[in-house]
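# Observations on the model geometry
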Amino acid sequence: MAEQMSGPVETGAEMDYSEHEKTYAVFLAGAKYGSIVIIALLISMSAFFFTAAGGITSFLLFLVLSIGGSFLAR
């Protein structure tokens, strides 16, 4: 059987706001750095496919763009 509640459901348990803020900060960091990696990947893929750069040069370009973008995003 279900438990009987004596008050409105909206009041529920107390919120742990510090944990919410930590989770949101991790989400924002993941979104920011994930976007940087995806953009660097797309640029390096276009350098590989549309220029005579080659695979190694495109991989190095990906590393430089990822590290540089992460450094600038701080």
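Right, let's walk through the structure included here.

Conventions we followed
- Residues numbered from 1 in each chain as written.
- Predicted model: local features only at pLDDT ≥ 70, side-chain atom pairs only at ≥ 80, totals over all residues.
- Heavy atoms only, no water.
- Helix = DSSP H or I, 4+ residues; strand = E, 2+ residues; numbered from the N terminus.
- Buried < 20%, exposed > 50% of the residue type's maximum accessible area, 1.4 Å probe, protein only.
- Contact = heavy atoms within 4.5 Å.
- Polar contact = N/O pair within 3.5 Å; in protein donor to acceptor, adjacent residues only side chain to side chain.
- Patch = residues over 30% accessible without salt bridge, like charges linked within 9 Å, V, L, I, M, F, W, Y side chains within 5 Å.
- Areas by Shrake-Rupley, 256 points an atom, 1.4 Å probe, with all protein chains shown as cover.
- Salt bridge = Lys/Arg side-chain N within 4 Å of Asp/Glu carboxyl O.
- Expected span 1.5 Å × (residues − 1).
- Axes fitted to C-alpha atoms, helices over the stretch in contact; angles between N-to-C directions.
- Parallel < 35°, antiparallel > 145°, perpendicular 65-115°, else oblique.
- Left-handed = near helix turned anticlockwise from the far one by under 90°.
- Nonpolar A, V, L, I, M, F, W, Y, C, P; charged D, E, K, R; others polar.

Next up on the list: the environment of Ala40. Along the polypeptide, Ala40 turns up in helix H1 (residues 17–50). A relative accessible area of 2% means that Ala40 is categorised as buried. Every residue in contact with Ala40, bar those within four places of it in the chain, is listed here: Phe62, Leu65 and Ser66.

Let's shift gears to the environment of Arg74. Relative to the helices and strands, Arg74 is located in the segment after helix H2 (55–72). What makes Arg74 exposed here is its relative accessible area of 78%. For Arg74 and Lys32, which are 42 residues apart along the polypeptide, the C-alpha to C-alpha distance reads 9.9 Å.

To continue, consider the side chain of Ser44. For Ser44, the position within the fold is in helix H1. A relative accessible area of 5% places Ser44 in the buried class. A polar side-chain atom of Ser44 sits 3.0 Å from the main-chain carbonyl oxygen of Leu41. Leave out the neighbours within four places in its chain, and Ser44 touches Ser58, Leu61 and Phe62.

Judged by side-chain polarity, Ile38, Leu41, Leu42, Met45, Phe48, Phe49 and Phe50 come together as a nonpolar surface patch covering roughly 760 Å² of accessible area. Positionally, Leu41 belongs in helix H1.

What follows concerns the side chain of Ser58. Structurally, Ser58 is set in helix H2. Under the relative-accessibility criterion, Ser58 is labelled buried at 5%. When neighbours within four sequence positions are excluded, Ser58 is seen to be in contact with Ser44, Ala47, Phe48 and Ala53.

Time to look at H1. Between its first and last C-alpha, H1 extends 49 Å over 34 residues, near the 50 Å set by a 1.5 Å rise per residue. Looking at H1, one finds that the buried residues are Ile36, Ala40, Ser44 and Ala47. In the core, the buried residues of H1 are packed alongside H2.

Right, let's talk about the packing of H1 against H2 for a bit. Geometry of a packed helix pair, given as the angle between the helix axes and the separation of the axes. Packing of H1 against H2 brings their axes to within 8 Å, and their N-to-C directions diverge by 155°. The angle between H1 and H2 falls in the class roughly antiparallel. Judged by the twist between their axes, the crossing of H1 over H2 is right-handed. Residues Tyr33, Ile36, Val37, Ala40, Leu41, Ile43, Ser44, Ala47 and Phe48 of H1 lie in contact with H2, whose contacting residues are Gly55, Ser58, Leu61, Phe62, Leu65, Ser66, Gly69 and Ser70. For the contact of H1 with H2, the class distribution of residues is 11 nonpolar, 6 polar and no charged.

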